[in-house]
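The residues making up each chain are set out below.
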Amino acid sequence: LAVLTITEGIAQAYNLGDSSIYYISKNKITKLTHDHTVADQLYRMKALTAEEAKHDLRKHSLTKHLGMFPEGNELRPFASGNIRINNGDMFLLCTDGITNSVNENEIKRIIKTFDGRCKKTVNALIEKAIENGSQDNLTAMVLRIVNSTNSNTIKRQLSRHPRLYPFLLGVGISTLIFVSIITV
């Protein structure tokens, strides 16, 4: 699960599991989330190098995920620090099917190639993951900040895209159903 919040020019990323959020600004790409896997935990403890963690079989063993019931019934996601956003900044939210088969340099190249055209960027990322042999689910969303100083921008964008409301409602309902099924 990966969630990005943007409020008054500040973004914050949250995740559970191995879905990721990247921040792209001025040709720099920064991963905002931590994978909740055994391999990533070993990397953060300096027991594995970054390269070893990428190829370690334990990168598929989740240490946190939706449907998990830890002691005390409290499951806290990773939360990034605050990121002040600017016009032209972009965010990539994606599953490990993308990140396990498309490296950060390829992601950066694809994003630069399509220069803010989100739909084409997503299609190219998915095509590259397939080309690189991904065997996992491939889900990606790219967001581009178009006006970080005007709080009415989001309202205007939503009013131009009325089909977005049913989509967002559907995503919310699907998530609730998924969580309900897991908890039963």
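Look above for the structure.
Treat the numbers as computed from the prediction; the structure is a model and nothing was measured. (Residues numbered from 1 in each chain as written. Predicted model: local features only at pLDDT ≥ 70, side-chain atom pairs only at ≥ 80, totals over all residues. Heavy atoms only, no water.)

Asks: I'd love a proper account of helix H4 (residues 104–114), names of residues and values included.
Replies: If you check which residues of H4 are buried, you get Glu106, Ile107, Ile110 and Ile111. Angularly, the buried residues of H4 cover 135 degrees about the axis, an arc narrow enough to put them on a single face. Away from its buried face, by an angle of more than 90 degrees, H4 presents the exposed residues Asn105 and Lys112. Buried residues along H4 sit against strand S3 (20–25), strand S4 (28–31), strand S7 (90–94) and helix H5 (118–131). The residue sitting at the N-terminus of H4 and contributing the capping side-chain oxygen is asparagine 103; that oxygen lies 3.0 Å from the backbone nitrogen of asparagine 105. Aspartate 115 lies just past H4 and shows a positive phi near 40 degrees. (Buried < 20%, exposed > 50% of the residue type's maximum accessible area, 1.4 Å probe, protein only. Helix = DSSP H or I, 4+ residues; strand = E, 2+ residues; numbered from the N terminus. Arc of directions from axis to C-beta. Contact = heavy atoms within 4.5 Å. Polar contact = N/O pair within 3.5 Å; in protein donor to acceptor, adjacent residues only side chain to side chain.)

Asks: I'd like a description of the environment of isoleucine 126, backed by residues and values.
Replies: You can see isoleucine 126 is positioned in helix H5. Look past the residues within four positions of isoleucine 126 in its chain and what remains in contact with it is Ile98 and Leu138.

Asks: Describe in detail the side chain of glutamine 12, supporting the description with residues and values.
Replies: Note on placement: glutamine 12 falls in strand S2 (residues 10–15). Only 2.8 Å separates the side chain of glutamine 12 from the side chain of tyrosine 14, close enough to count as a polar contact. Engagement of the side chain of glutamine 12 in a polar contact is seen with the backbone oxygen of serine 80, the distance being 2.7 Å.

Asks: So what about the sheet that holds strand S8 (residues 140–144)? Which residues, and what values?
Replies: Here we have four strands laid out as an open sheet, ordered S4-S3-S7-S8, and antiparallel in their pairing. Two strands in the sheet have a free side with no partner beyond their single neighbour: S4 and S8. Geometrically, the sheet is characterised by an average inter-axis angle of 20 degrees between neighbouring strands, direction not taken into account. The sheet contact formed by S3 and S7 spans five bridges and is antiparallel. Across the sheet, serine 20 pairs through a bridge with cysteine 94, a residue of S7. Sheet contacts for H4: S3, S4 and S7; angle to S4, the most-contacted strand, approximately 130 degrees. Sitting on the sheet, H5 touches S7 and S8, and the angle it makes with S8 is about 150 degrees. (Pairing = 2+ DSSP bridges. Axes fitted to C-alpha atoms, helices over the stretch in contact; angles between N-to-C directions.)

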